[in-house]
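Examining the three-dimensional arrangement
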Amino acid sequence: MKRLCSLFLCVLLVLWSGMPAKAVSTGASSAILIDAQSGRVLYEQNAGERRYIASITKLMTALVAMESGHSLDEIVTIKKEYTGAEGSSMYLREGEQLTLEALMYGLLLASGNDAALAVAGYCGESVEQFVDAMNRKAVLLGMEHTSFLNPSGLTQEGHMSTAADMARLAAACMKNETIAKIVATRTITIGGRTFTNHNKLLWRYEGCIGMKTGYTERSGRTLISCAQREGQTLIAVTLNDGNDWADHTAMLDYGFETYTNTCLAGEGEVYARIPVSGSLLSFVRVQAADAVYYPLALGETVRKEVSLTQWSQAPVTRGQTAGTVTWYLEDEVIAICPLVYGESAEMNVVSSRNLIEKMLRLFGK
């Protein structure tokens, strides 16, 4: 009987491991879950609906500041117009001096609206011109339904975005090492102040590495979270969600359980060896320039198409593009990777009518 029970439990475990993950839903007005590397949407709910976004705006403020050319160790003198901002604050005082790094922590951990003004005013010629730069960056990121009117996220008519656009922004921010480090910080003392991250998922969710909370009466609770497991990075966004901690936990669990980070090509993976004309080296390797990963659910299959020259004329330089490989999920292109020469071939055969050319011409006829 014990053996039968054990066997039954083993069968249940096998069946359970092959079952699809439970469907997910949220109480948010808008939500989205994406794979950060590929951009694949794993779940969405009104993700293209424009809404007020509150302090998750500050991710764009941080990104534009970090791309402005200013160094984190630069000293910023606080002007009167940066102080006394409405809402959350790091309590800046007129005339005090802090590093830009301290202001960045005050911006992203304390969510200081005064820090947002100070960062924008210092890294831009003015706060207004900095906001213009935020909107230009939004265009470059493909955030087609976003308009920024201030660097803090305080409610202004027209200062709006979508869950899908904010996921694009979050993915770009996580590629910036400084921002990624700051949003992953739980607590820090810097510039005479101690900051604790408002993002409770850093403590509650295994693998959470950021990102940003927000709230105004008009927007409701807004949240962007980022988690990483086994090399896969997922980003979740909810707008106007009173139960965001639980909803983000459920979304991230769904993503990790349903989609496997699948390697489509390894960096340096050899795809062909092609003949070379005009060189003592008869053939050269053609290989993938980069590793390519894509999240796939159980049962999903991809097909690939390789576009590659049939032969090469020396000289050939290692790393030079030789073709491409394209992957499709059904009829949708999901990834493209350059194919490059894996070695160099010098032109060291004087006669142009060598054996390879003769064979190619013969077969061509």
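Quick look at the structure, then. Only a predicted model underlies this, so the values are computations on that prediction, with no experimental measurement involved. (Residues numbered from 1 in each chain as written. Predicted model: local features only at pLDDT ≥ 70, side-chain atom pairs only at ≥ 80, totals over all residues. Heavy atoms only, no water.)

Let us look at the overall build of the protein. In terms of helices and strands, the protein carries 10 helices and 17 strands. By the burial criterion, 50% of the 365 residues in the protein qualify as buried. Nonlocal contacts in the protein, meaning residues at least 24 apart in sequence, comprise 61% of its contacts between residues at least 6 apart. As displayed, the protein has an accessible area near 18700 Å², and 52% of this comes from carbon and sulfur atoms. (Helix = DSSP H or I, 4+ residues; strand = E, 2+ residues; numbered from the N terminus. Buried < 20%, exposed > 50% of the residue type's maximum accessible area, 1.4 Å probe, protein only. Contact = heavy atoms within 4.5 Å. Areas by Shrake-Rupley, 256 points an atom, 1.4 Å probe, with all protein chains shown as cover.)

On to the pairing of strand β9 (residues 232-239), then. Among the eight residues of β9, eight are classified as buried, and the element is accordingly described as predominantly covered. Where burial is concerned, the two faces of β9 agree: the one with Gln232, Leu234, Ala236 and Thr238 and the one with Thr233, Ile235, Val237 and Leu239 are both buried. Here strand β1 (residues 30-35) runs beside β9; their pairing, made up of six bridges, is antiparallel. Residue pairing in the sheet places serine 30 in a bridge with leucine 239 of β9. (Pairing = 2+ DSSP bridges.)

With that settled, consider the sheet that holds strand β8 (residues 220-229). Spatially, five strands are ordered β2-β1-β9-β8-β7 in an open sheet, and the strand pairing comes out antiparallel. Looking at the sheet topology across the chains shown, the edges are occupied by β2 (41-45) and β7 (208-216). With direction set aside, neighbouring strand axes in the sheet form an average angle of 5°. Helix α6 (residues 163-174) contacts β1, β7, β8 and β9 of the sheet and is inclined by roughly 140° relative to β9. (Axes fitted to C-alpha atoms, helices over the stretch in contact; angles between N-to-C directions.)

Turning next to the environment of valine 131. Counting through the fold element by element, valine 131 comes out in helix α5 (residues 127-140). Separated by 10 residues in the primary sequence, valine 131 and glycine 121 have C-alpha atoms spaced 9.7 Å apart. Contacts of valine 131, omitting those with residues within four sequence positions, involve Phe148, Leu149, Asn150 and Pro151.

Within helix α3 (residues 100-108), eight of the nine residues are buried, which leaves it mostly tucked inside the rest of the structure. All of the buried residues along α3 are Leu100, Ala102, Leu103, Met104, Tyr105, Gly106, Leu107 and Leu108.

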